[in-house]
Structures are given as structure tokens and as C-alpha cells.
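# What the coordinates show
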Amino acid sequence: MIRSRFTGLGMAVPPNCIKNNDLQRYMDTSDDWIRQRSGIEQRYWVDEGVSTSDLGLEAANVALEQAKLKPADLDMILFATLSPDHEFPGTACFLQGKLGAPGIPAIDIRQQCSGFIYSVAVADQFIRTGAIRRALVVGAEVHSKGLDLTTRGRDVSVLFGDGAGAVVMEATSIQNPKTDSFLWSTHLHADGTHAQELWTAAPGTGLKTKERILQPHLEEAVHYPKMNGKSVFIHASQKMPESLQEALLANGLSSEEIDLYVLHQANLRINQKCAEVMGLPDEKVFNTIQKYGNTTAATIPIGLVEAEKASRLKQGTLVASAAFGSGYTWASMIYRW
Ligand code: UT7
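Just so you know, these numbers come straight off a predicted model, no measurement behind them.

This part covers the nonpolar core. Within the largest apolar cluster, 42 residues are counted, with the highest numbers of intra-cluster contacts made by Leu 244, Ile 258, Tyr 261, Leu 263 and Ile 334. Counting residues per element, the ones that place at least two in this core are strand S8 (182-190), helix H7 (229-250), helix H8 (268-278), strand S12 (318-325) and strand S13 (329-336). Top contributing element to this core by residue count: H7, with 6 residues. Residue contributions to this core reach at least three from each of two domains, namely domain 1 (2-173) and domain 2 (182-200 + 213-336). Dropping the residues within four chain positions of it, Tyr 261 is found in contact with Leu 244, Leu 248, Ser 255, Met 278, Leu 280, Lys 284, Val 285, Phe 286 and Ala 320.

Quick look at the structure:
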């Protein structure tokens, strides 16, 4: 039986640490408000010259080194981001050019906070069918260049940070499904009726104007992300546990049998709610939002790196991950590390 397993893991965050109080330079906010509502204490922002693929490259190089592979050994690149280097081509192509792995497919995945699990699921399907043996999956975001850093945009802007995470996935032949390290299953969902609850409208052909962006759009701040925070919060608090239960059921597992929950980091309160609904002890849910904010497609691989550093993730650890975000999209997966 051929399945995929994670053989390399890496992350990258830029050097500029922005504390909650630093945001008061731009908008009317406070450390208290941000901590109480989201759990976030700080986030990292890139320098002007750094792009999403630059951060992705840094994380990818670490993951490749850990997997003892060279870019030329890869069969596919998947890049999850909502903050691409440019409108087109996809950021996977920019990363591929920088990595130096010409010829292999390079695919962008645009599923926002669920983008990493969606990308892992796509790579897994190619590996299971034998079409490829090795994939690089990157989740990376440069949010800081796209946020409305004024009081008008404070409900969104205080939540997001820049960062990247990457994994190498390789085909593995399963001898013992109970103990071998491999990806057990992925579960993907979306409901586009909520597409405008968390979105950036411009530039876009969906605007009722002759061009994808015009001066009035900039003045109306249509090119910044907008969010119905309460709707996102309610749906995330339902869908995260629901998708974890779906993954547990598909694998005949109880929630106690999972060693570690590495969840998307949108809001500490969402993850606390999820743990409460599922009856999980706090120590089984690994959170990093306090340090990095919401890095969207990068939160789960960053969580894995931090969990490994903290000796919470070792070979043999049974992990469950889930994410919820813009789209709405949500997803889960279970894997033995
Ligand atoms: O991956 C998905 C990403 N997004 C999410 O997961 C977000 C989910 N939603 C949330 O986390 C919460 O809805 C927020 C943290 C965004 C907001 O929390 P809330 O408890 O829903 O607050 P609210 O929007 O009802 O705002 C309460 C007050 C408002 O003031 P008034 O009208 O009561 O005077 C806001 O203007 O807080 C104000 N406010 C702020 N104050 C200080 C909004 N943003 C800020 C801010 N600093 N950054």
C-alpha cells in the first residue's frame, strides 16, 4: 500500500517583531483589546524588498535539507497563499524559479486558511496513485503589505502576520498501518455562499466597473481585506470541531487517541471553543498565535515546527489538524508523524 509521509519540515518568519502596542502608531487599538479578543501578543512583518515566495523559499530550503533532498529530486511544487507575489503567474512558479527545479508542475492553491491542508490533500492524491513520489508543499503569506493599517481596518489588521511553512511529502510503502508514519486521511469542504464574509474585492473582474481597479476603489479601500468577524467566529467554532470529528470517524479513532492537535491559528478563542466542544485537554492543543498572529496558509506547518522544537512532535506522534477560513473553506487531516 503506497501512502505519503512527511519527511521534511521548515518555517521562516521575517526579523521585524511587531508588538501589539507598536500598532498604536497606525491605529486606535490596544494591547488589552487584541490579547483579550484574539490571544495575539505580537506578529512579524517583512522588509519592503521581501515577497511571499522569498519567505516560502526560506522555509522550503529548511524542509528540503531535513528531507535530505535537492530541488531536482522533487516531482511537484504546491504553493498555498492568499498574498501572491503578483496577480499572475502563480507564486509556485516564482518559487520554482528561485529554487531551481525547472520542468516539474508548480501549482498555486487559493484556499486561504485551509490552503495548507488542501495542498497536502492534492499532493497526497498524486502520490497515492503513483503519479509522483515527492512533493514540496509550501504555505506562505506576506499580509503586512496588504492590510488597512488605519483605525478603519483595525478589526482585520491586528490579527494577521507574515510567515511561511513548508513540508516535503514522499511516497512510502506501508508495512504496519497502526505504527508507520504516514498521512491517514484528508477531508476538504467549502461553502461559497459565504465568499464575501472574508475577502478582498479588488483588483477583480467581479467589480461592476470597466477595469479591475480604479482610483475610486483605492479611495474606498476596496483593495483591503474585509471581514464579518462575528460570522467567521461562529462558523469557525462549528466547522473546526465538525471536521475533526469527521476525520476521527473516518479512521475509527476517538479524540483521546490523538496525541497532538495542531490547528489553524485564527483566534485563540476559536481554538479554545473547539477544545471545549470536543472535550480536549488544553495541553493537547498546540497554539502559536500568541507569537505569530494569523499567518493563514502557514499556521499549521509553523505549528508543526514549533511543536517539534518543544519536543511535542516526534516520530510516531499521532496528529490531527483542522482549519477554517475565507471561502468559507474548512478541512482536516490525521497523520502519524
Ligand atoms: O482565519 C480566519 C480569520 N479571521 C478570524 O478568525 C476572525 C474571527 N472573528 C474574530 O476573531 C472576532 O470577531 C474579532 C476578534 C475580529 C472581533 O471581536 P468581537 O468580539 O467580534 O468584536 P466586535 O467586532 O464586535 O467589536 C467590538 C468593538 C467595536 O467597537 P464598538 O462598536 O463596540 O464601539 C469595534 O469597533 O471593538 C472595536 N474594535 C477594536 N478596538 C480596538 C474592533 N477592532 C478593534 C481593535 N482595537 N483592533
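Anyway, onward from the coordinates.
A separate point is the sheet that holds strand S1 (residues 2-12). With mixed pairing, the 5 strands of this open sheet are ordered in space as S1-S7-S6-S4-S5. Of all the strands in the sheet, just S1 and strand S5 (106-109) have a single pairing partner and so form its edges. Pairs of neighbouring strands in the sheet enclose a mean axial angle of 20°, with direction left out of account. For strand S4 (residues 76-80) and S5, the ladder comprises 4 bridges, and the chain directions are parallel. Residue pairing across strands places Phe 79 opposite Asp 108, the latter belonging to S5. Helix H10 (residues 299-309) contacts S1 and strand S7 (163-173) of the sheet and is inclined by roughly 80° relative to S1.

A word on the domain arrangement of the protein chain. Its domain assignment divides the protein chain into domain 1 (2-173) and domain 2 (182-200 + 213-336). If you average the C-alpha positions of domain 1 and of domain 2, the two centres end up 15 Å apart. Opposite the 52 residues of domain 1 that make contact, domain 2 presents 47 residues. Each partner contributes to the roughly 3800 Å² buried at the junction of domain 1 and domain 2, and carbon and sulfur atoms together form 67% of this total. Sorting the residues of domain 1 by area buried against domain 2 places Met 11, Cys 113 and Ile 117 first, and these three jointly supply 18% of that buried surface. Between domain 1 and domain 2 we count 0 salt bridges in total. Here domain 1 is connected to domain 2 by 18 residue pairs in polar contact (both at pLDDT 80 or more). A per-class count over the side of domain 1 that touches domain 2 returns 22 nonpolar, 18 polar and 12 charged.

Right, let's talk about the side chain of His 217 for a bit. Mapped onto the secondary structure, His 217 falls in helix H6 (residues 215-219). Residue His 217 is classed as buried on the basis of its relative accessible area, which comes to 8%. Residues in contact with His 217, not counting those within four places in the same chain, are Leu 207, Thr 209, Glu 211, Arg 212, Val 222 and His 223.

Conventions we followed
- Residues numbered from 1 in each chain as written.
- Predicted model: local features only at pLDDT ≥ 70, side-chain atom pairs only at ≥ 80, totals over all residues.
- Heavy atoms only, no water.
- Core = buried A, V, L, I, M, F, W, Y, C linked by side-chain atoms within 4.5 Å.
- Buried < 20%, exposed > 50% of the residue type's maximum accessible area, 1.4 Å probe, protein only.
- Helix = DSSP H or I, 4+ residues; strand = E, 2+ residues; numbered from the N terminus.
- Domains from an automatic or database assignment.
- Contact = heavy atoms within 4.5 Å.
- Pairing = 2+ DSSP bridges.
- Axes fitted to C-alpha atoms, helices over the stretch in contact; angles between N-to-C directions.
- Buried area = accessible area lost by both parts, 1.4 Å probe.
- Salt bridge = Lys/Arg side-chain N within 4 Å of Asp/Glu carboxyl O.
- Polar contact = N/O pair within 3.5 Å; in protein donor to acceptor, adjacent residues only side chain to side chain.
- Nonpolar A, V, L, I, M, F, W, Y, C, P; charged D, E, K, R; others polar.

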